[in-house]
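The primary structure of each chain is shown beneath.
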Amino acid sequence: MKTILSLILCIITTTVLAETETPQHDIDIIKFKFEPAEITIDVGESIRWTNKEKRQYHSVWFEKTGEPEPDYFFPDEFYERTFDAAGDFPYRCGPHPKMIGMVHVVQSTEDSKVEPDTSTEESSTKDSPQKEEPPKKEESIQPTP
Ligand SMILES: [Cu+2]
């Protein structure tokens, strides 16, 4: 019984997760700081950096990726980015090198559990070579006349 219950719960959880759009993570930029400066997200999720300063512009620059610095953005503007690969992504603000942040992107464990229903039908590709033994010849003893 317990296994059935947990299975149902698992299905419900998966459905709920599938229905919700890609979770949005928010990072504020205020007083020359990324808040939070370090964040861990799942692969495929996106982050929105919002400039909450009064009059200071900033940028979110993933310099180590070799990309050019994106445009500065001003108070109440934001920068968005989706992370499709796992790894650690340090970034900084272009005009303010002391403003640094880190994005840890990890492979979601829930994603790997989601399997299509068709997987239950296992294709019978069992390689069981049947040894074909030659039919034994019945030695019939023929009476000699
Ligand atoms: Cu800045």
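The structure under discussion appears in the preceding block.
Owing to the predicted nature of the structure, the values given are computational and were not obtained by experimental measurement.

**Some remarks on the pairing of strand β4 (residues 46-51)**
Burial of the side chains of β4 is restricted to one face: I47, W49 and N51 are buried, whereas none of S46, R48 and T50 on the reverse face is. In this sheet, β4 lies alongside strand β1 (residues 24-30) in parallel orientation, the contact comprising six bridges. Looking across to β4, one finds that D26 is bridged to R48.

**Focus: unusual backbone geometry**
Here the amide bond leading from E35 into P36 is cis, since omega sits at 0°, within 30 degrees of zero. Tracing the backbone shows P36 in the loop between β2 (33-35) and β3 (38-42). Backbone geometry places F32, a non-glycine residue, at a positive phi of 60°. Along the chain, F32 falls in the loop between β1 and β2.

**With respect to the nonpolar core**
Within the largest apolar cluster, 13 residues are counted, with the highest numbers of intra-cluster contacts made by I41, I47, W49 and V103. If near-sequence neighbours (up to four positions away) are discounted, W49 is found in contact with I27, I29, V60, F78 and Y79.

**Brief notes about the sheet that holds β1**
Strand order across the open sheet formed by four strands is β2-β1-β4-β5, with mixed pairing between neighbours. This sheet does not close on itself; its edge strands, each paired only once, are β2 and β5 (78-82). For this sheet the average axis-to-axis angle between neighbouring strands, irrespective of direction, equals 20°. Summarising the sheet, β1 and β2 pair through three bridges and their orientation is antiparallel. In the strand pairing of β2, I29 is matched with F34.

**Some words on the pairing of strand β7 (residues 100-106)**
On any regular strand, side chains alternate: one points to one face of the sheet, the next to the other face. Alternating positions in β7 separate cleanly, G101, V103 and V105 being buried on one face and I100, M102, H104 and V106 remaining unburied on the opposite face. One ladder, built from five bridges, connects β3 with β7; its direction is parallel. Paired with T40 across the bridge in β7 is H104. Alignment of strand β6 (residues 87-92) against β7, held across six bridges, turns out to be antiparallel. Paired with F89 across the strands is V103, a residue of β7.

Cut-offs used in this document
Residues numbered from 1 in each chain as written. Predicted model: local features only at pLDDT ≥ 70, side-chain atom pairs only at ≥ 80, totals over all residues. Buried ≥ 20, exposed ≤ 12 C-beta atoms within 10 Å, placed from the backbone. Helix = DSSP H or I, 4+ residues; strand = E, 2+ residues; numbered from the N terminus. Pairing = 2+ DSSP bridges. Core = buried A, V, L, I, M, F, W, Y, C linked by C-beta atoms within 7 Å. Contact = placed C-beta atoms within 7 Å. Axes fitted to C-alpha atoms, helices over the stretch in contact; angles between N-to-C directions.

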